[in-house]
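Observations on the three-dimensional arrangement
The lines below spell out each chain.
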Amino acid sequence: MADSFDLVVIGSGPGGYVAAIRAAQLGMKVACVEKRATLGGTCLNIGCIPSKALLAASEKFHEAESGLAAFGVDVGKPKLNMKQMMAHKDGVVAANVNGVAFLFKKNKIEQVVGTGSIPKAGEVLVTGEDGKKHTLKAGKILIATGSESTPLPGVEIDEKQIVTSTGALELSSVPKHLVVIGGGVIGLEMGSVWRRLGSEVTVVEFLDRIVPTMDQDIGKQFQRVLTKQGFKFMLGSKVTGAKTAKSGVTLTVEPAAGGKKEELKADVVLVAIGRRPYTQGLGLEALGVALDKRGFIQVDEDYQTSVNGIYAIGDAIPGPMLAHKAEEDGIAAVEIMAGEAAHVDYNLVPGIVYTWPEVASIGKTEEELKEAKVAYKVGKFPFTANGRARAINMTDGLVKILADAKTDRVLGCHILGAEAGTLIHEVATAMAFGASAEDIAMTCHGHPTLNEAVKEAALAVHGRPIHI
Ligand code: FAD
């Protein structure tokens, strides 16, 4: 193995592997150090990809159970084949991680298996599983070590009865009662998987609403839809302890502000209170790489840390903890290293919850605009008034567009509804080009499509929707 590279990337998640490929395209000699046996990081191995595989599979089960009859398709009571469902998920993961390995070969990127640390700028020390050490010389170093599930004191993870998202992707049977601690995106997605397969699901959330960063209009409706699906919510509540026994887990729950304790029994508990940056063992303290109060690596506008020649991206630095943000970071960081101009606008990073219906948002929420004292106009359009939504029996939800009161520039868009995660990209592109609500409203949209609801919401900004 060569031991001298223009760039050594530590971590092969969507940030690291995409950065490695782009750097190779730019002519750099690149190595990527990954401690996991497979490439792709959290996202491909234990995050985005397996969770979406299970969301898709469980949605099909649920549809067969209760969604198809309304279309005149009687299939009888479906039988769950959990082994096959998990095999589907594992197959999707394998195809994706092998795809990255192929791309590494194609781009002549050296894949180095082992744990990386940085004894000094310009050097990465790789420790293999067998303890053998190997030093790589690096013109530049890019830290892309990602994040890990945030632990909850008093609730010990065993990945069997008390699980993180990783364990929740591997359960061997459907729990009778699943308690999800944390009403954020990951908790609601994993809760949806098991709810559709028959679990009773209770979400315990510290705050008085789920997905607190979401536009509240949409958040409230989202909670209503999930409640209709059978989710139970204990808002403004905190879990302060957990006892496990063969028969299940007993949680101690009390009001967020403290008060009367109650017991909550579960077969499986999913701890999903958030994720925190993972930088353990890199040697950052000794190097003098500055972290912020929450442990994120501080970087400048060029993604350079406080130490010259050491860069960082993705979940390990501040900003939305999302795969596509990590990818954009990775591309921008290496293009800047190569002397090109690059910038990622974190305001235009779409956020998507892959429940059914989906929730998607971009730009500012109404609450953020109010707080910033920006004068805005609102346009809303419900899917109940959209022909395609009726045709597919998915009329839950709405499109909400926020535009500047003076200039009409689109400032934000929030969608609850079927395919929201796809629909939002029309608005993402429009916003990237600085479009006005009128620009979207004047664009001819195909009929009958769900996208027509986006056009109608834009028309509603100007008080002239057609179909409502
Ligand atoms: P990671 O993907 O975390 O990769 C970091 C890699 O670095 C890991 O492979 C790790 O093994 C390796 N590493 C760490 N330290 C070292 C070291 N010292 N030496 C060598 N290797 C090291 N985001 C979305 O955008 N969409 C989704 O649908 C979505 N769903 C998710 C579902 C779940 C259940 C979870 C947990 C996360 C989800 N995310 C989703 C978030 C997404 O996975 C992360 O934002 C993304 O993976 C961050 O990418 P990254 O490259 O920064 O780090």
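Reading the values: the criteria
- Residues numbered from 1 in each chain as written.
- Predicted model: local features only at pLDDT ≥ 70, side-chain atom pairs only at ≥ 80, totals over all residues.
- Helix = DSSP H or I, 4+ residues; strand = E, 2+ residues; numbered from the N terminus.
- Rg over C-alpha atoms; globule rule 2.2 N^0.38 Å.
- Buried ≥ 20, exposed ≤ 12 C-beta atoms within 10 Å, placed from the backbone.
- Domains from an automatic or database assignment.
- Contact = placed C-beta atoms within 7 Å.
- Nonpolar A, V, L, I, M, F, W, Y, C, P; charged D, E, K, R; others polar.
- Pairing = 2+ DSSP bridges.
- Near = placed C-beta within 6 Å.
- Axes fitted to C-alpha atoms, helices over the stretch in contact; angles between N-to-C directions.
- Left-handed = near helix turned anticlockwise from the far one by under 90°.
- UniProt positions renumbered as here; feature names shortened; annotations may be inferred.
- pLDDT = per-residue confidence, 0-100.
- Core = buried A, V, L, I, M, F, W, Y, C linked by C-beta atoms within 7 Å.

**Structural notes on the overall build of the protein chain**
If you tally the helices and strands in the protein chain, you get 14 helices and 22 strands. For 468 residues, the compact-globule estimate of 2.2 N^0.38 gives 23 Å, and the C-alpha radius of gyration of the protein chain, at 24 Å, lies within 12% of that figure. Seen through its C-alpha atoms, the protein chain measures out along the principal axes to roughly 65 × 60 × 50 Å. Counting all 468 residues of the protein chain, 46% fall into the buried class.

**A closer look at the domain arrangement of the protein chain**
When the domains of the protein chain are assigned, the result is domain 1 (5-149 + 276-338), domain 2 (162-273) and domain 3 (357-461). Between domain 1 and domain 2, the C-alpha centre-to-centre distance is 27 Å. If you look at the interface, domain 1 gives 12 residues, while domain 2 gives 13 residues. A total of 8 residues in the side of domain 1 that touches domain 2 trace back to one element, the largest contributor, which is helix α3 (residues 48-67). Taken together, the residues of the side of domain 1 that touches domain 2 sort by class into 7 nonpolar, 4 polar and 1 charged.

**Some words on the sheet that holds strand β11 (residues 232-234)**
Overall, parallel pairing links the 5 strands, which are arranged β8-β15-β9-β10-β11 in an open sheet. With one partner strand each, in any of the chains shown, β8 (162-163) and β11 form the two edges of the open sheet.

**Considerations on the site of the ligand**
Taken together, 37 residues sit near the ligand, with Gly11, Gly13, Gly41, Gly146 and Gly314 positioned nearest. When residues of the shell around the ligand are traced back to their parent elements, those giving at least two are α1 (14-25), β2 (30-34), α2 (41-46), α3, β4 (115-120) and α9 (323-337).

**Some remarks on the pairing of β4**
Sheet topology note: the β4/strand β5 (residues 123-127) ladder contains 4 bridges and is antiparallel. Across the sheet, residue Lys120 finds its bridge partner in β5, namely Glu123.

**A few points about the packing of α1 against α9**
At a minimum axis separation of 7 Å, α1 and α9 run at an interaxial angle of 35°. As α1 packs across α9, the resulting crossing turns out to be right-handed. On α9, the residues that touch Pro14, Gly15, Gly16, Val18, Ala19, Arg22 and Ala23 of α1 are Ala323, Ala326, Glu327, Asp329, Gly330, Ile331, Ala333, Val334 and Glu335. Per-class residue counts for the contact of α1 with α9 are 9 nonpolar, 3 polar and 4 charged.

**A short note on the UniProt feature "domain: Pyridine nucleotide-disulphide oxidoreductase dimerisation" (unreviewed entry) in the protein chain**
Per the UniProt record, "domain: Pyridine nucleotide-disulphide oxidoreductase dimerisation" (unreviewed entry) is found at residues 349-458. Note that residues 349-458 is 34% helix and 28% strand, and that its end C-alpha atoms are spaced 20 Å apart.

**Considerations on the UniProt feature "binding site: FAD" (unreviewed entry) in the protein chain**
Summarizing the sequence annotation, UniProt attributes the feature "binding site: FAD" (unreviewed entry) to Lys52, Gly116, Thr145, Gly146, Ser147, Asp315, Met321, Leu322, Ala323 and His324 in the numbering used throughout. The greatest C-alpha distance among the residues just named is 29.6 Å, and with 273 residues of sequence between them they are spread in space as well. Position of Lys52 relative to the elements: it lies in helix α3. Judged by local crowding, Lys52 falls into the partly exposed class, with 15 C-beta atoms found within 10 Å.

**Description of the sheet that holds strand β13 (residues 248-255)**
Strand order in the open sheet formed by 3 strands is β12-β13-β14, with antiparallel pairing between adjacent strands. Each edge of the sheet is formed by a strand with only one pairing partner; in this case those strands are β12 (237-245) and β14 (262-266). Taking each pair of neighbouring strands and ignoring which way they run, the sheet shows an average axis angle of 25°. Summarising the sheet, β13 and β14 pair through 5 bridges and their orientation is antiparallel. If you follow Val249 over to β14, its bridge partner there is Ala266.

**Details of the confidence of the model for the protein chain**
Mean pLDDT for the protein chain: 97, with 100% of residues reaching 70 or above. On the interface metric, ipTM, the complex scores 0.99, and its pTM is 0.97.

**Structural notes on the environment of Gly198**
Relative to the helices and strands, Gly198 is located in the loop between α6 (185-196) and β10 (200-204). Residue Gly198 is classed as partly exposed on the basis of its 15 C-beta neighbours within 10 Å. Sequence separation of Gly198 and Pro175 is 23 residues, and the distance between their C-alpha atoms is 8.1 Å.

**Remarks on the packing of α3 against α6**
It is at 8 Å that the axes of α3 and α6 come closest, and there the two elements cross at 30°. The interaxial crossing formed by α3 with α6 has left-handed handedness. Across the interface between the two elements, Ser51, Leu54, Leu55, Ser58, Glu59, Phe61 and His62 from α3 touch Glu189, Met190, Ser192, Val193 and Arg196 from α6.

**Concerning the nonpolar core**
Ranked by size, the top nonpolar core spans 136 residues in total, and within it Val8, Ala19, Ile143, Ile181, Val269, Leu270 and Val410 carry the most contacts. The contact partners of Ile181, leaving out residues within four places of it in the chain, are Leu152, Val155, Val204, Val239, Val269, Leu270, Val271, Ala272 and Ile273.

**A few points about the environment of Phe206**
Mapped onto the elements, Phe206 comes out in the loop between β10 and α7 (216-228). Distance from Phe206 to Gly236, taken between C-alpha atoms, is 4.7 Å for residues 30 residues apart in sequence. Excluding anything up to four places from it in sequence, Phe206 contacts Lys238 and Ala256.

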